[in-house]
Amino acid sequence: MTDFDSPWKEALDVYFKAFLLLFFPNIHDDIDWARPVEMLDKEFQQLVPGAAQGRRTVDKLVKVWRKNGRAVWVLIHVEVQAQRDRTFGRRMCVYNGRIFDAYQRDVVSLAVLADDDPNWRPSTYRRGLWGCSVGMKFPPAKLLDYAGREAELEASDNPFAKVVLAHLKTLETRKNPSDRQAWKLRIARGLHECGFGAQDVGQLMKVVDWLMELPEALERDFRRELHQYEEGLRMPYVTTFERAGMLRMIERFLRTKFGEQGAALVPILQQINDAEKYLAIHDVIDQAGSLDEVRQACAKAAAPPPRRKKGGNGKRGTK
């Protein structure tokens, strides 16, 4: 199963406000968004070193200001495990306590449950003995609750709705790569149709691309279709997503076919900013009998266009 750590972490960093608006609107409405939001990831790692080791989770610590002027630190656990975790509630309680001890401020712990078990819904933790008990209650958001609401997610102008849609379709299409390819293209096109700007399209598609991994042949077809669609929109650039995704695809292909020597060609490929050239190089790799053939194709594609030569004094000769 896909490791969901990196895309969720990046999505939360960039779209934290949209995240709260989608999942916890009452908290969103109590925050003063005119004041800066501060990500305290490094501080959190010092409090709970190695917190995410061995788990598919993203632990975020965020400092925000309430509308009444008081600061509150919000701890967000994005749980992306595909199975139950019996230690989840205890971990939420432990982390909440450590953060409160360090900052002496109110701490709100939020859980996003991105697993595939509709019956797993932890929201409390309690332990006790001989009349003494401790514990906590935390609000969970269950991504599976959005299944069946694809039309709502597709129509939403909330960028985090697209992350949820991509995540759900990743789970749904685990055994059907063709359906995943179709949904990946549909989501990519939907970002343009919802009116997101180039920067948001690139940022969100990095997350979608990371989540919705495809077999090599289907990935190549997806990128061809996406490129044709974006050309139809008369987009005069290769998006950040498209360039980064193509580089990943080609690097993976090079490494599979030629090992580390093939991957060593990536710095040359990074000099290219032309989707057609990337696709052509991919075809060369597919058909090449040696790494030298690929190396020559990469060098040719990365070479700057030849300068136009002027004859004599630079003026056209007379007839």
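Residues numbered from 1 in each chain as written. Predicted model: local features only at pLDDT ≥ 70, side-chain atom pairs only at ≥ 80, totals over all residues. Heavy atoms only, no water.

Novice: Please explain the packing of helix α7 (residues 159-172) against helix α8 (residues 177-193) as it appears in this structure.
Specialist: Think of two packed helices as two axes; the pair is described by the angle between the axes and how far apart they sit. Interaxial distance between α7 and α8 falls to 10 Å at its minimum, and their mutual angle equals 175°. Judged on the interaxial angle alone, α8 and α7 are roughly antiparallel. Every residue of α8 that contacts α7 at Lys162, Leu165, Ala166, Lys169 and Thr170 is listed here: Arg180, Trp183, Ile187 and Leu191. Across the contact of α7 with α8, the residue classes break down as five nonpolar, one polar and three charged. (Axes fitted to C-alpha atoms, helices over the stretch in contact; angles between N-to-C directions. Helix = DSSP H or I, 4+ residues; strand = E, 2+ residues; numbered from the N terminus. Parallel < 35°, antiparallel > 145°, perpendicular 65-115°, else oblique. Contact = heavy atoms within 4.5 Å. Nonpolar A, V, L, I, M, F, W, Y, C, P; charged D, E, K, R; others polar.)

Novice: Please explain helix α14 (residues 291-302) as it appears in this structure.
Specialist: For an α-helix the count is 3.6 residues per turn, leaving residues at separations of three or four pointing the same way. Between its first and last C-alpha atoms α14 spans 16 Å; for twelve residues at 1.5 Å apiece the expected length is 16 Å, and the two agree. Here α14 has its buried residues at Leu291, Val294, Cys298, Ala301 and Ala302. Buried positions in α14, seen along its axis, are confined to an arc of 90° and lie on one side of it. Exposed side chains of α14 directed beyond 90 degrees from the buried face belong to Gln296 and Lys300. (Expected span 1.5 Å × (residues − 1). Buried < 20%, exposed > 50% of the residue type's maximum accessible area, 1.4 Å probe, protein only. Arc of directions from axis to C-beta.)

Novice: Is there a simple way to explain the packing of aromatic side chains in this structure?
Specialist: In this description, an aromatic ring pair is defined by two values, namely the gap between the centres and the angle between the planes. In this structure the tally under the stated criterion is twelve aromatic pairs. Aromatic side chains Phe23 and Phe160 sit 6.2 Å apart centroid to centroid with 75° between the ring planes, which places their arrangement in the edge-to-face category. Of this pair, Phe23 sits in helix α2 (residues 16-23) while Phe160 is found in helix α7, placing the two residues 137 residues apart along the sequence. Just as Phe23 is buried, Phe160 falls in that class too. The structure contains a cluster of three or more aromatic residues connected by ring pairs, namely Trp8, Phe16, Phe19, Phe23, Phe24, Trp33, Tyr146 and Phe160. A cation sits over an aromatic face here: Arg35 above Trp65, 3.7 Å from the ring centre. (Phe/Tyr/Trp six-rings, centres within 6.5 Å; stacked < 30°, edge-to-face > 60°. Lys NZ or Arg CZ within 6 Å of the ring centre and 35° of its normal.)

Novice: What is the right way to read helix α9 (residues 198-211) from this model?
Specialist: Over its 14 residues, α9 extends 20 Å from the first C-alpha to the last, a length consistent with the 20 Å expected when each residue adds 1.5 Å. Among the residues of α9, those classed as buried are Val201, Gly202, Gln203, Leu204, Met205, Val207, Val208, Asp209 and Leu211.

Novice: I would appreciate a short explanation of the pairing of strand β5 (residues 124-129) in the present structure.
Specialist: Every other side chain in a regular strand lies on the same face of the sheet, so the side chains alternate between the two faces. Relative to strand β6 (residues 132-137), β5 is paired through six bridges, and the arrangement is antiparallel. Its bridge partner lying in β6, Leu129 is registered against Cys132. Linking β5 to β6, which pair antiparallel, is a turn of two residues; within it Trp130 sits at a positive phi near 55°. (Pairing = 2+ DSSP bridges.)

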